[in-house]
Amino acid sequence: MFKPAALYIGLRYTRAKRRNHFISFISLVSMLGIALGITVLITVLSVMNGFDQEIKKRVFSMVPPITLSSNSGYLSNWQDVQSLLAKNPVVKGTAPFVTGEVLLSVSGATQPAILSGVLANEEKTVSKVAEKMIQGKLSDLQPNHFGIVLGENLARALNVVTGDKITVMTPQASLSPAGVIPRSKRFTVVGIFRAGNGFGFDKGLGFIHLTDAQKLFLMGNNVTGLHVDVQEVFAAPRIAQELRKGLSPSASITTWSDQFGEFFHAIQLEKTMMFLILLLLIAVAAFNLVSTLMMVVNEKESDIAILRTFGATPGTIMAIFIVQGGLVGIMGTLMGLVGGVLLASNVTDLVNWIERVFHIQFLSSNIYFVNYLPSVILVSDILNICAASLILSLLATIYPAWRAAKTDPVESLRYE
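Residues numbered from 1 in each chain as written. Predicted model: local features only at pLDDT ≥ 70, side-chain atom pairs only at ≥ 80, totals over all residues. Heavy atoms only, no water.

> Quick question: what am I supposed to make of the overall build of the protein here?
Helix and strand counts for the protein come out as 13 helices and 10 strands. Buried residues in the protein amount to 47% of all 416 residues. Counting only carbon and sulfur atoms, one obtains 60% of the accessible surface of the protein, whose full area is about 21300 Å². (Helix = DSSP H or I, 4+ residues; strand = E, 2+ residues; numbered from the N terminus. Buried < 20%, exposed > 50% of the residue type's maximum accessible area, 1.4 Å probe, protein only. Areas by Shrake-Rupley, 256 points an atom, 1.4 Å probe, with all protein chains shown as cover.)

> Looking at this model, I keep getting lost on the nonpolar core. Mind explaining?
Within soluble globular proteins, side chains that are nonpolar generally end up buried alongside one another. Membership of the largest hydrophobic core comes to 64 residues, with the highest contact counts inside it found for Ile66, Leu104, Ile148, Leu150, Ile166, Phe193 and Phe207. Examining the composition of this core, we find that five residues originate from one element, strand E2 (residues 91–106), more than from any other. Excluding residues within four positions of it along the chain, phenylalanine 207 makes contact with Met62, Leu115, Ser116, Val118, Val129, Leu138, Leu141, Gly147, Ile148, Val149 and Phe193. Counting residues in hydrophobic clusters, the runner-up holds 19 residues, among them Ile42, Met48, Leu278 and Ala285. (Core = buried A, V, L, I, M, F, W, Y, C linked by side-chain atoms within 4.5 Å. Contact = heavy atoms within 4.5 Å.)

> Which parts of the structure should I look at to understand unusual backbone geometry?
Most peptide bonds take the trans form, and the phi angle of most residues other than glycine is negative. For asparagine 159, which is not glycine, the phi torsion reads 60° and is therefore positive. Topologically, asparagine 159 is positioned in the loop between helix H5 (152–158) and strand E6 (165–176). Look at asparagine 159 and you get exposed, because its relative accessible area is 68%. Located in the positive-phi region is leucine 218, a residue other than glycine, with phi close to 55°. Structurally, the position occupied by leucine 218 is in the loop between helix H7 (210–216) and strand E9 (225–230).

> For this particular structure, what's the right way to read the environment of leucine 342?
In this structure, leucine 342 sits in helix H11 (residues 314–358). The class of leucine 342 is exposed, set by a relative accessible area of 52%. Spatially, the C-alpha atom of leucine 342 lies 9.0 Å from that of threonine 43, the residues being 299 residues apart in sequence.

> Help me out: how do you make sense of a nonpolar patch on the surface in this one?
Where nonpolar side chains cluster on the molecular surface, the patch consists of Leu343, Leu350, Trp353, Val357, Phe358, Ile360 and Phe362 and spans about 650 Å² of accessible area. As for its placement among the helices and strands, phenylalanine 362 is situated in the loop between H11 and helix H12 (379–405). Since its relative accessible area comes to 46%, phenylalanine 362 is described here as partly exposed. (Patch = residues over 30% accessible without salt bridge, like charges linked within 9 Å, V, L, I, M, F, W, Y side chains within 5 Å. Salt bridge = Lys/Arg side-chain N within 4 Å of Asp/Glu carboxyl O.)

> Sorry, what's going on with the pairing of strand E8 (residues 205–209) here?
On any regular strand, side chains alternate: one points to one face of the sheet, the next to the other face. Of all five residues that make up E8, five are buried, and the element is covered over most of its length. Two strands pair when backbone bridges link them, and strand E5 (residues 147–151) and E8 are joined in this way by three bridges, in the antiparallel orientation. Across the sheet, valine 149 pairs through a bridge with phenylalanine 207, a residue of E8. (Pairing = 2+ DSSP bridges.)

> Would you mind going over the pattern of salt bridges with me for this structure?
Pairing is possible between side chains of opposite charge, provided their charged atoms come close. Per the stated rule, a full pass over the model turns up seven salt bridges. The partner of glutamate 152 in a salt bridge is arginine 156, and the shortest N-O contact between them spans 3.4 Å. Placement of the pair is glutamate 152 and arginine 156 together in helix H5, with a separation of four residues, close to one helical turn. Using a relative accessible area of 52% as the deciding quantity, one classes arginine 156 as exposed. A salt bridge links glutamate 242 to arginine 238; the nearest nitrogen and oxygen atoms lie 3.1 Å apart. In this pair, glutamate 242 and arginine 238 are both assigned in helix H8 (residues 236–244), four residues apart and thus about one turn of the helix distant. Under the relative-accessibility criterion, arginine 238 is labelled partly exposed at 47%. Beyond isolated ion pairs, a larger network of salt bridges with shared partners links Glu152, Arg156 and Arg194.

> Hey, could you run me through the layout of surface pockets in this one?
Take a probe with the size of a water molecule and roll it over the atoms, and the empty space left behind shows itself. Volume-wise, the largest pocket comes out at about 570 Å³. As for the largest pocket, its lining consists of 25 residues, and the residues nearest its centre are Met62, Pro64, Ser116, His227 and Gln259. Of all elements in the fold, only strand E1 (66–70), E2, strand E3 (109–118), helix H6 (201–204), E8, strand E10 (251–255) and helix H9 (256–299) reach the threshold of two or more residues within the lining of the largest pocket. In terms of residues, the lining of the largest pocket owes the most to one element, H9, which gives four residues. A class-by-class count of the residues in the lining of the largest pocket yields 12 nonpolar, 11 polar and two charged. (1 Å grid on protein atoms, 1.4 Å probe; cavity = no way out; pocket = protein on both sides within 12 Å on 5 of 7 lines; lining within 4 Å. Points joined across faces, edges and corners; volume = space filled by probe spheres on them. Nonpolar A, V, L, I, M, F, W, Y, C, P; charged D, E, K, R; others polar.)

> I would appreciate a short explanation of the packing of H9 against H11 in the present structure.
Helix packing geometry: the angle between the two helix axes and the distance between the axes. Between H9 and H11, the shortest axis-to-axis distance is 11 Å and the interhelical angle comes to 140°. Considered as vectors, H9 and H11 are oriented oblique to each other. Once H9 is placed against H11, the crossing between them reads as right-handed. Contact residues: H9 offers Leu289, Leu293, Val296 and Val297, while H11 offers Phe321, Gln324, Gly325 and Val328. Tallied by class, residues from the contact of H9 with H11 come to six nonpolar, two polar and no charged. (Axes fitted to C-alpha atoms, helices over the stretch in contact; angles between N-to-C directions. Parallel < 35°, antiparallel > 145°, perpendicular 65-115°, else oblique. Left-handed = near helix turned anticlockwise from the far one by under 90°.)

Structure follows, in structure tokens:
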């Protein structure tokens, strides 16, 4: 259909100075509408990608990809299991842990928390807690010293800093002359970490040494389980199934997707729906081409008739107007692509500048995950947006081009 003659004439119609300037204005509006829609869509999806990346960064820095435990509630031969996992090429690191629910108390203030016993050197291979310390170091947790590391919000709620003493109470009971009382132990705060708001890590999580945790929860030499880090975080569910084959039937394996999978699925669904909703902006602008090309067809009716008498086929006529409308769509897409990439690349600095100039704050780390507007441009998003824009633009040209191809030369030239 797209012969050189059709391409030449279509481009000439686009460049030619029309007698009807209103048609030129409508074409320009359609082009700018497509460009604006693409710019907005690229920017919005890039900001959503930025938030998604920030959320994943916070989750994966604290939550191990795979957790191996036992249906009995403890692992007795955890050193052997750890050695077995270390031989797997997809496993980056493993770390034993003992965990339990406790009640933290100091000077009348009481807070519930999840307490995890870890080995600092091994915990570094599966999480980034050590990198998030704002007071003290994770390596300050020494066996039999009964030191504790708290989240920032948890420490603030208890009004403690490094060096303070707190009482840790466990659900296990002890017999005493006064009757059955909860087990408790005094710990010294040796560090405070900040993981960021959003998932409660800072508010309800604490760390102690593995040996101290075994004594506190009466675990003996056993552990609750093993945290496992792997090469591909998003392949953790598949890797977990492969690891299960070499373990005993009583072994229990969970992954990050079991805890946060639905949350990330909801984020992805929200991004998809946002793409479809904002795509309607491009669709409205693209289908403005229908009215534009219909007016062009009416204006060029005599020209079409002359071309038909010279031997132009209906397919050639149709191709001429598809070229003309497609060029508007291509130009609008290119303008939107450039504008969208530029805006998405500088939206963080732009929002920061607006906040400084007008002394306002759009995002607060106390409410959101970050106090700035993150932006991450994905090539896949750009390709999908541009492809959708071009397809909609071409679809909008089909009906006017078909009407032009159906023009009767005799009727058109009767009154010329």
